[in-house]
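Examining the three-dimensional arrangement
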Amino acid sequence: MEKLNVVTVTLNPALDLTGNLLSLETGAVNLLSDASLHPAGKGVNVAKVLSQLGASVTVTGLLGKSNEQAFVSLFKSLGITDRFIRVNGDNRINVKIVENSKQVTDLNFPGMQINEAQLSALEKTLFALAKTHKFFVIAGSLPEGVSAERCADWISKLQALGKKVFFDSSHQALIAGVKRAPYLIKPNIDELSVLINGELSDDMQLKKAAQDLLAQGCENIVISLGEKGVLWLDSSGWVSSLPPKTKVMSTVGAGDTLVAGLCWGALNAWGKQQTLRFATALASLAVSQIGVGVNDLTALNNIQDKVIVRVEK
């Protein structure tokens, strides 16, 4: 199969330090049963999964020189094209504490300070890549020096060039970006609440919020509901998915894996239901393992057979 091209953009990459323990006691010394340190950031996670599925992936963004080696090694091992702009300093280390109950506590650090010269270099790279790529995934938080409006401007410009932008962020970056009508957004309930600046207490309010975003120009609103599945609204209406019961090992990276699955469907020009079934199965596989990645295609196919997809009213 001819490889399909996609660019993922990670503005605030991180080394994820993930530790496991029975239960977290705040204000006390906690002994972890095990830990791992690996390159991450939402766009990096999406790139890893897409590459393992068979896409031809180019990564860009802003990468610290001082501790870049783990990222460089990952990209080389997966055949990912590295177009990151190097900046002085260390990439942040994010701490994720996973309890036996599978509750995850995140300690996310702010990242490096970015200057205008570095942003201009990134913009030059980004729009050079737009000459040869149609699909872009912009995912993750923003470091100091990158405003929400600057990121939103990139979405506008890429969309104006006919590109399809998958946008997955949070807080002010999400609010500003959604106003520029990206091709697809994937909020969870908390993020959707931020977008409407209010609580979502029932399905009717949730669907109304998504319908308002559709009316504002977002083509695809995919709402992640965790173990309850996924809701997807576009101009053709609602489709929902429900994954099979899965023993949850870790939810770290599950949302990024869902985005990768949705993008893979678009790259292959699949229909909405086929894409949603695949992406839901991929995310279900992700929570059944430790670490981000697609290591067992047989297990993935078995899960797909058990995903329930329905057209909603």
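Values in this document were obtained by computation on a predicted structure and should not be read as measured data.

With that settled, the discussion passes to the pairing of strand β2 (residues 14-21). Regular strands have side chains that alternate between both faces of the sheet. The element β2 is largely enclosed, with a buried count of seven among its eight residues. Here seven bridges tie β2 to strand β3 (residues 34-40), and the two strands are oriented antiparallel to one another. Across the sheet, Thr18 pairs through a bridge with Ser36, a residue of β3. The sheet contact formed by β2 and strand β7 (residues 92-99) spans eight bridges and is parallel. Looking across to β7, one finds that Ala14 is bridged to Arg92.

The subject of this paragraph is the state of the cysteines. Taken as a whole, this structure holds zero disulfides when the rule is applied. Free cysteine Cys218: the closest other cysteine sulfur is in Cys151, separated by 13 Å. The class of Cys218 is buried, set by a relative accessible area of 1%. The cysteine Cys263 is free of any disulfide, with Cys151 supplying the nearest cysteine sulfur at 16 Å. On the accessibility criterion, Cys263 (0% relative accessible area) is buried.

For the coordinates displayed, the defined rule picks out three aromatic pairs. Summarising the aromatic geometry, the rings of Phe75 and Phe84 are spaced 5.8 Å apart at their centres and angled 10 degrees between planes, so their arrangement reads as stacked. Each member of the pair, Phe75 as well as Phe84, is classed as buried.

Bringing the side chain of Ser51 into the picture now. Along the chain, Ser51 falls in helix α1 (residues 42-53). The residues touching Ser51, leaving out its near neighbours within four places in the chain, are Val57, Leu78 and Ile80.

Taken as a whole, the second largest pocket spans an internal volume of roughly 300 Å³. For the lining of the second largest pocket, the elements supplying multiple residues, two or more each, are α7 (203-215), β13 (230-234), β14 (237-242) and β15 (308-312). Broken down by class, the residue content of the lining of the second largest pocket amounts to eight nonpolar, three polar and six charged.

A grouping of Leu17, Leu37 and Ile93 is seen on the molecular surface, where their side chains present a nonpolar patch of about 250 Å² in accessible area. Position of Leu17 among the secondary structure elements: in strand β2.

This brings us to the pattern of salt bridges. By the definition in use, this model includes 12 salt bridges. Salt-bridge contacts for Asp106 lead to Lys96; the nearest nitrogen and oxygen are separated by 2.9 Å. Taken as a pair, Asp106 in strand β8 (residues 104-107) and Lys96 in strand β7 lie far apart in primary sequence, 10 residues in all. The class for Lys96 is buried, based on a relative accessible area of 12%. We note a salt bridge from Arg180 to Asp153, for which the minimum N-O separation is 2.7 Å. One end of the pair, Arg180, is in the loop between α5 (171-178) and β11 (184-185); the other, Asp153, is in helix α4 (residues 148-160), with 27 residues separating them in the sequence.

The rules behind the values
- Residues numbered from 1 in each chain as written.
- Predicted model: local features only at pLDDT ≥ 70, side-chain atom pairs only at ≥ 80, totals over all residues.
- Heavy atoms only, no water.
- Buried < 20%, exposed > 50% of the residue type's maximum accessible area, 1.4 Å probe, protein only.
- Helix = DSSP H or I, 4+ residues; strand = E, 2+ residues; numbered from the N terminus.
- Pairing = 2+ DSSP bridges.
- Disulfide = S-S within 2.5 Å.
- Phe/Tyr/Trp six-rings, centres within 6.5 Å; stacked < 30°, edge-to-face > 60°.
- Contact = heavy atoms within 4.5 Å.
- 1 Å grid on protein atoms, 1.4 Å probe; cavity = no way out; pocket = protein on both sides within 12 Å on 5 of 7 lines; lining within 4 Å.
- Points joined across faces, edges and corners; volume = space filled by probe spheres on them.
- Nonpolar A, V, L, I, M, F, W, Y, C, P; charged D, E, K, R; others polar.
- Patch = residues over 30% accessible without salt bridge, like charges linked within 9 Å, V, L, I, M, F, W, Y side chains within 5 Å.
- Areas by Shrake-Rupley, 256 points an atom, 1.4 Å probe, with all protein chains shown as cover.
- Salt bridge = Lys/Arg side-chain N within 4 Å of Asp/Glu carboxyl O.

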